[in-house]
Amino acid sequence: MLAIHPDAPPMTSDTPLPPRTRLRAPKAAAVAGILFSVLLIISSVLILLATPPTPLDNESGLFSQTPAVLLALNLVPFAGIAFLWFMGVVRDVLGEREDQFFATVFLGSGLLFVAMLFVSSAVTGSLILLTTRLPESDLPAVYDLGRIIARETLSTYSIRMAGVFMISSCTLFLRTGVIPRWTAWIGFGFAAIMLLRIGYINSLGWVMLLFPLWVLLVSLHILTKSYTHQSENLPQG
């Protein structure tokens, strides 16, 4: 039970509640964006190097480098978890200045990006699993269908959700000034490339790397700024 001071005024329905102290994310939480960037870049590069540029070029390309692809797929869940932490870090940096409209788009696009990234990875992992259970005569049809589903989920939907996430984030950054303006404008440029799918023919897969590179840039700034601010607040001896 709460102890009430005898001289304290009586509590009524109109009495305002005392303000709560806003919790702050730990400074090390900014590392989540760096971890996401590193894991997604490694995973994407391994898969891109193991697969042909177009879905129907080579039926054995994915299976010939199964260990590398399995390593890449095992990194994806940890990248997704780190990205969720990165979203929390960005919201913590924005604080009370967060705009509800853009924050809703920010959250929705970020969650959809992670979901579609997981779906694409799950389909690719299922392809590898089926190679050990299906006769060789059935593999080409399954391979073509799975490759197209995984590729389109990633390159048509997930990459565009990442672009929307960057646009909403950069808009919030410009309005609040928590990130340098040049970082936000770089994000707008990267997002335009991802949304419009410039260079679709053979380089689309590599365009996906623009997103983790931008997240890495933002995370490094947040981490540097947080520790610089912390050192400035330390008492001078």
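A quick note: this is a predicted structure, and the numbers were derived from the prediction, not measured.

Draft legend 1. Region of interest: the overall build of the chain. What the chain contains, in helices and strands, is 8 helices and 0 strands. Counting from the amino terminus, helix and strand elements in the chain follow one another as α-α-α-α-α-α-α-α. Across the 237 residues that make up the chain, the buried fraction comes to 39%.

Draft legend 2. A look at the environment of Phe36. Its location among the elements puts Phe36 in helix H1 (residues 31-50). Sequence separation between Phe36 and Leu213 is 177 residues; the distance between their C-alpha atoms is 9.9 Å. Not counting residues up to four positions away in its chain, the partners in contact with Phe36 are Ala79, Ala82, Phe83, Phe113, Phe211, Pro212 and Val215.

Draft legend 3. Structural context of H1. When the terminal C-alpha atoms of H1 are compared, their 29 Å separation across 20 residues agrees well with the 28 Å that a helix rising 1.5 Å per residue should span. For H1, the full list of buried residues reads Ala32, Gly33, Ile34, Phe36, Ser37, Leu39, Leu40, Ser43, Ser44 and Ala50.

Draft legend 4. Spotlight on the nonpolar core. Judged by nonpolar contacts, the single largest core of 41 residues is most densely connected at Phe36, Phe83, Phe113, Phe173 and Phe211. Broken down by secondary-structure element, the contributors of at least two residues to this core are H1, helix H3 (66-94), helix H4 (100-130), helix H5 (139-176), helix H6 (181-196) and helix H8 (210-232). Broken down by element, the residue count for this core peaks at 10 residues, all from H3.

Draft legend 5. Structural context of the confidence of the model for the chain. Confidence in the prediction of the chain, expressed as mean pLDDT, is 76, and 68% of residues score 70 or more. Below a pLDDT of 50 lies the segment residues 1-5, which in the model reaches 0 contacts outside its immediate sequence neighbourhood of four places, other chains included. Between residues 17-23, whose pLDDT stays under 50, and residues either more than four places distant or in other chains, the model counts 5 contacts.

Draft legend 6. How the structure looks around the packing of H1 against H3. Contact geometry for H1 and H3: axes closest at 8 Å, N-to-C directions at 155°. By the criterion of interaxial angle, the relationship of H1 to H3 is roughly antiparallel. The hand of the H1/H3 crossing is left-handed. Broken down by class, the residue content of the contact of H1 with H3 amounts to 22 nonpolar, 2 polar and no charged.

Each value, and the rule that gives it
Residues numbered from 1 in each chain as written. Predicted model: local features only at pLDDT ≥ 70, side-chain atom pairs only at ≥ 80, totals over all residues. Heavy atoms only, no water. Helix = DSSP H or I, 4+ residues; strand = E, 2+ residues; numbered from the N terminus. Buried < 20%, exposed > 50% of the residue type's maximum accessible area, 1.4 Å probe, protein only. Contact = heavy atoms within 4.5 Å. Expected span 1.5 Å × (residues − 1). Core = buried A, V, L, I, M, F, W, Y, C linked by side-chain atoms within 4.5 Å. pLDDT = per-residue confidence, 0-100. Axes fitted to C-alpha atoms, helices over the stretch in contact; angles between N-to-C directions. Parallel < 35°, antiparallel > 145°, perpendicular 65-115°, else oblique. Left-handed = near helix turned anticlockwise from the far one by under 90°. Nonpolar A, V, L, I, M, F, W, Y, C, P; charged D, E, K, R; others polar.

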